[in-house]
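Listed here are the chains, written in short residue letters.
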Amino acid sequence: MACARFLTLKAIHGTTSTLSQFHRPRIQTSGKVRAFSAALVSPTSTAVFYENHGPPDTVTKVIELPPVEVKANDVCVKMLASPINPSDINRIEGVYPVRPPLPAVGGYEGVGEVHSVGSAVQGLSPGDLVMASPPSAGTWQTHVVKEKSLWHKIDRSTPVEYAATVTINPLTALRMIEDYVELKAGDAIVQNGATSMVGQCVIQLAKIRGIHTINIIRDRTGSDEAKEKLKKLGADEVYTESQLEVKNVKGLLGSVPEPALGFNCVGGNAASLVLKFLRQGGTMVTYGGMAKKPITVSTSSLIFKELSLKGFWLQKWISAGKTEECREMIDYLLGLVREGKLKYDMELAPFSEFHTALDKALGKHGSQRKQVIKF
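Along each chain, numbering runs from 1 in the same order as the chain's sequence is written. Totals for whole chains, interfaces and linings use every residue, but because this is a predicted model, local features are given only for residues with pLDDT of at least 70 and side-chain atom pairs only at 80 or more, for both listing and counting. For side-chain calculations, the full set of non-hydrogen atoms in the structure is used, while hydrogens and water are omitted.

Engineer: Hey, could you run me through the overall build of the protein chain in this one?
Structural biologist: We count a stretch as a helix when DSSP gives it H or I for four or more residues in a row; a strand needs E for two or more, and each element gets its number in order from the N terminus. When helices and strands are counted, the protein chain shows 11 helices and 20 strands. Throughout this description, buried means an accessible area under 20% of the type-specific maximum (1.4 Å probe, protein chains only), exposed means over 50%, and partly exposed covers the range between. Counting the 375 residues in the protein chain, one finds 51% classified as buried. Contacts: residue pairs with any heavy atoms within 4.5 Å of one another. For the protein chain, the proportion of contacts with a sequence separation of at least 24, taken over those separated by at least 6, is 72%. Surface accessibility in these figures is a Shrake-Rupley result with a 1.4 Å probe; residues are shielded only by whichever protein chains are displayed. As displayed, the protein chain has an accessible area near 16900 Å², and 50% of this comes from carbon and sulfur atoms.

Engineer: Explain the pairing of strand S20 (residues 370-374) to me, please; I cannot follow it from the model alone.
Structural biologist: Here is the key point about a regular strand: its side chains alternate between the two faces of the sheet. Where burial is concerned, most of S20 is hidden: four out of the five residues are buried. Examined bridge by bridge, strand S7 (residues 74-83) and S20 share three bridges and lie antiparallel to one another. Paired with Ala-81 across the bridge in S20 is Lys-374. Taken together, strand S19 (residues 346-350), helix H11 (residues 354-361) and S20 form a β-α-β motif whose crossover is right-handed. Strand pairing is assigned whenever DSSP identifies at least 2 bridges connecting the two strands. For a crossover, the right-handed case is the one in which the path from the first strand over the helix to the second runs clockwise, viewed with the strands pointing away from the viewer.

Engineer: How do you make sense of empty space enclosed by the protein when you look at a structure like this?
Structural biologist: A probe as big as a water molecule, rolled over the atoms, marks out the empty space that is left. A pocket here means an open set of points on a 1 Å grid, computed over the protein atoms alone, that has protein on both sides within 12 Å along at least five of seven lines. A cavity is instead a set of points where a 1.4 Å probe fits but cannot get out; residues with an atom within 4 Å of a point line either one. Grid points are joined across faces, edges and corners, and a volume is the space filled by probe spheres set on the points. In total, this model carries one cavity of 30 Å³ or more according to the counting rule given. Looking at the largest cavity, the residues that line it are Tyr-50, Asp-88, Arg-91, Ile-92, Pro-100, Val-105, Gly-106, Gly-107, Tyr-108 and Ala-137. Ranked by residue count, the leading element in the lining of the largest cavity is helix H2 (residues 86-93), at three residues. Three classes are used: nonpolar for Ala, Val, Leu, Ile, Met, Phe, Trp, Tyr, Cys and Pro, charged for Asp, Glu, Lys and Arg, and polar for all others, with Gly counted as polar. Here the lining of the largest cavity is built from residues that sort into six nonpolar, two polar and two charged.

Engineer: What should I look at first to understand the packing of helix H4 (residues 169-179) against helix H10 (residues 323-338) in this one?
Structural biologist: Helix packing geometry: the angle between the two helix axes and the distance between the axes. Where H4 meets H10, the axes come as close as 10 Å, and the angle between the chain directions of the two elements is 105 degrees. One way to sum up the angle between H4 and H10 is to call them roughly perpendicular. Two secondary-structure elements touch here, H4 through Pro-170, Leu-171, Leu-174, Arg-175 and Glu-178 and H10 through Glu-325, Cys-326, Met-329, Tyr-332 and Leu-333. A per-class count over the contact of H4 with H10 returns seven nonpolar, no polar and three charged. With axes taken as lines fitted to C-alpha atoms, and helix axes fitted only over the stretch in contact, angles between N-to-C directions fall between 0 and 180 degrees. An angle counts as roughly parallel when it lies under 35 degrees, as roughly antiparallel when it exceeds 145, as roughly perpendicular when it falls between 65 and 115, and as oblique in every other case.

Engineer: Sorry if this is basic, but what is going on with the pattern of salt bridges here?
Structural biologist: Side-chain pairs of opposite charge can arise where the charged atoms are in close proximity. We define a salt bridge as a contact between a side-chain nitrogen of Lys or Arg and a carboxyl oxygen of Asp or Glu at a distance within 4 Å. Tallying each qualifying case throughout the model produces 17 salt bridges. Residue Lys-229 pairs with Asp-345 through a salt bridge whose shortest N-O separation is 1.5 Å. Remark: Asp-345 occurs in the loop between H10 and S19 and Lys-229 occurs in helix H6 (residues 223-233); sequence separation between them is 116 residues. Linked through salt bridges whose partners overlap, the residues forming this network are Arg-175, Glu-178, Asp-179, Arg-209, Lys-322 and Glu-325.

Engineer: Explain the pairing of strand S9 (residues 111-117) to me, please; I cannot follow it from the model alone.
Structural biologist: As judged from the six bridges shared by S7 and S9, these two strands associate in the antiparallel manner. Bridge assignment links Cys-76 to a residue of S9, and that residue is Ser-116. Inspection of the sheet shows S9 paired to strand S10 (residues 129-132) by three bridges, in the antiparallel sense. In the sheet register, Val-111 faces S10, and the bridge partner there is Met-131.

Engineer: So what exactly am I meant to see when it comes to the nonpolar core here?
Structural biologist: Definition of nonpolar core: a set of buried residues of the types Ala, Val, Leu, Ile, Met, Phe, Trp, Tyr and Cys, connected through side-chain atoms within 4.5 Å. If you look at the biggest cluster of nonpolar residues, it comprises 50 residues, and the most contacted ones within it are Val-111, Ile-189, Phe-263 and Tyr-344. Of all the secondary structure elements, the ones that give two or more residues to this core are S7, S10, helix H3 (160-163), H4, helix H5 (197-208), strand S16 (261-264), helix H9 (314-319) and H10. Ranked by the residues each element gives to this core, the list is headed by H10, at seven residues. When neighbours within four sequence positions are excluded, Val-111 is seen to be in contact with Met-79, Leu-80, Ala-81, Leu-129, Val-130, Met-131, Ile-154, Val-160, Ala-163 and Ala-164. Membership of the second largest hydrophobic core comes to 20 residues, among which are Val-59, Leu-65, Trp-140 and Ala-357.

Engineer: Is there a simple way to explain the sheet that holds strand S13 (residues 188-192) in this structure?
Structural biologist: Strand pairing in a sheet is mediated by backbone hydrogen bonds. Such pairs are either parallel or antiparallel. With respect to topology, six strands assemble into an open sheet ordered S15-S14-S13-S16-S17-S18, the strand pairing being parallel. Looking at the sheet topology across the chains shown, the edges are occupied by strand S15 (237-240) and strand S18 (308-311). Looking at each pair of strands side by side, their axes are set apart by 20 degrees on average, direction ignored. For strand S17 (residues 283-286) and S18, the ladder comprises four bridges, and the chain directions are parallel. Residue pairing for S18: Met-284 is matched across the bridge by Leu-309. Helix-sheet contacts for H5 involve S13, strand S14 (212-217) and S16, and the interaxial angle to S13 is about 170 degrees.

Engineer: Help me understand the side chain of Thr-283, please; the structure alone is not making it clear to me.
Structural biologist: Position of Thr-283 relative to the elements: it lies in strand S17. Residue Thr-283 is classed as buried on the basis of its relative accessible area of 9%. If we skip the residues at most four places from it in the chain, Thr-283 touches Val-181, Ala-260, Leu-261, Gly-262, Leu-278, Ser-308 and Lys-310.

Engineer: Mind showing me how you'd approach the packing of aromatic side chains here?
Structural biologist: Think of a pair of aromatic rings as described by two things: how far the centres are apart, and how the planes are tilted against each other in angle. Stacked, tilted and edge-to-face pairs are distinguished by plane angle, under 30 degrees for stacked and over 60 for edge-to-face with tilted covering the rest, among Phe, Tyr and Trp rings (Trp via its six-membered ring) whose centres lie within 6.5 Å. As enumerated under the stated definition, the model contains six aromatic pairs in all. When the centroid spacing of 6.5 Å and the interplanar angle of 20 degrees are considered together, the rings of Tyr-239 and Phe-277 count as stacked. Highlighted residues: Tyr-239 in strand S15 and Phe-277 in helix H7 (residues 268-277), separated in sequence by 38 residues. Phe-277 matches Tyr-239 in its accessibility class, with the two residues each being buried. When the centroid spacing of 4.8 Å and the interplanar angle of 65 degrees are considered together, the rings of Phe-351 and Phe-375 count as edge-to-face. Of this pair, Phe-351 sits in the loop between S19 and H11 while Phe-375 is found in the segment after S20, placing the two residues 24 residues apart along the sequence. Judged by its relative accessible area of 12%, Phe-351 is buried. Lysine and arginine charges are scored as sitting over a ring when NZ or CZ, respectively, is within 6 Å of the ring centre and within 35 degrees of the ring normal. Directly above the ring of Tyr-108 sits Arg-91, whose terminal nitrogen or CZ lies 3.7 Å from the centroid.

Here's what the structure looks like:
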């Protein structure tokens, strides 16, 4: 008689869930599941799990997943830290262009320690520090089993909170600085969303290259403190949106040259402010739309200033066969971290407090630092 093809998953927060074909042991003989003792398997994993798309604070639950086989080319990693990114939230909501099939475990970026390796794996050993590179789904769990090609070994002295968060936001900042306009020392960049992790990285990476930055932030309580903080990172100029409600914003530049390159992650009026600063023939790169409002471009900007509008999506860049280049850039960024030249705000949250961290990431507690889950 064939074995039943269903697993009962123990819910730690939420109801018990019975699902088919999810994290089933991957060894089968004649339709029957072989005993775990016949193969190398992972430990039981505690995971943030969702069966349907919807509001992350209602559709996610923390459950226990059964062990899975560690095949010959697989590596089992005990996760140490993984962030909550806006794109993670969008995947759970079902609105992100690329998302894992349901049911799924959340998370797309993270760092961990090798727990065990398959029989054919070389170059990795238990205890090594590795990160998910290229980033892939399912990092919000205590143990992850993936093929060796999806793990990148990094220096053991790297702070785990930075290793967990370097792949998406800092790498986005680096690629945008390098890919669109050939900048040299003395040139300038203008950006909105300057307090974001990408924004903070743009400031520091530009400073290393001798490039000036003009930074736009929202009007909010604590904006003066935010300005000082960005200037300590190396920002040349920081303005709130209301400060730029003048006819000639370029009169505010002082000795900073007109920017050749601008970054937009907000949309709406904040994007228009970036365009106002750009010099003749300048380029604005959009990598996000936090305001969920369209970008409005004046006719004169396109005809007389000949501005260029571009879009950047890191996943598309990595998917275009850029894995090795991606890893080289990650090693460079982590080197800057270890040298104290790259830093950004984050808050480490225990896995047991995942839903509180999720609420913070969703903005339920006002503006918060990047939430990083520590397992």
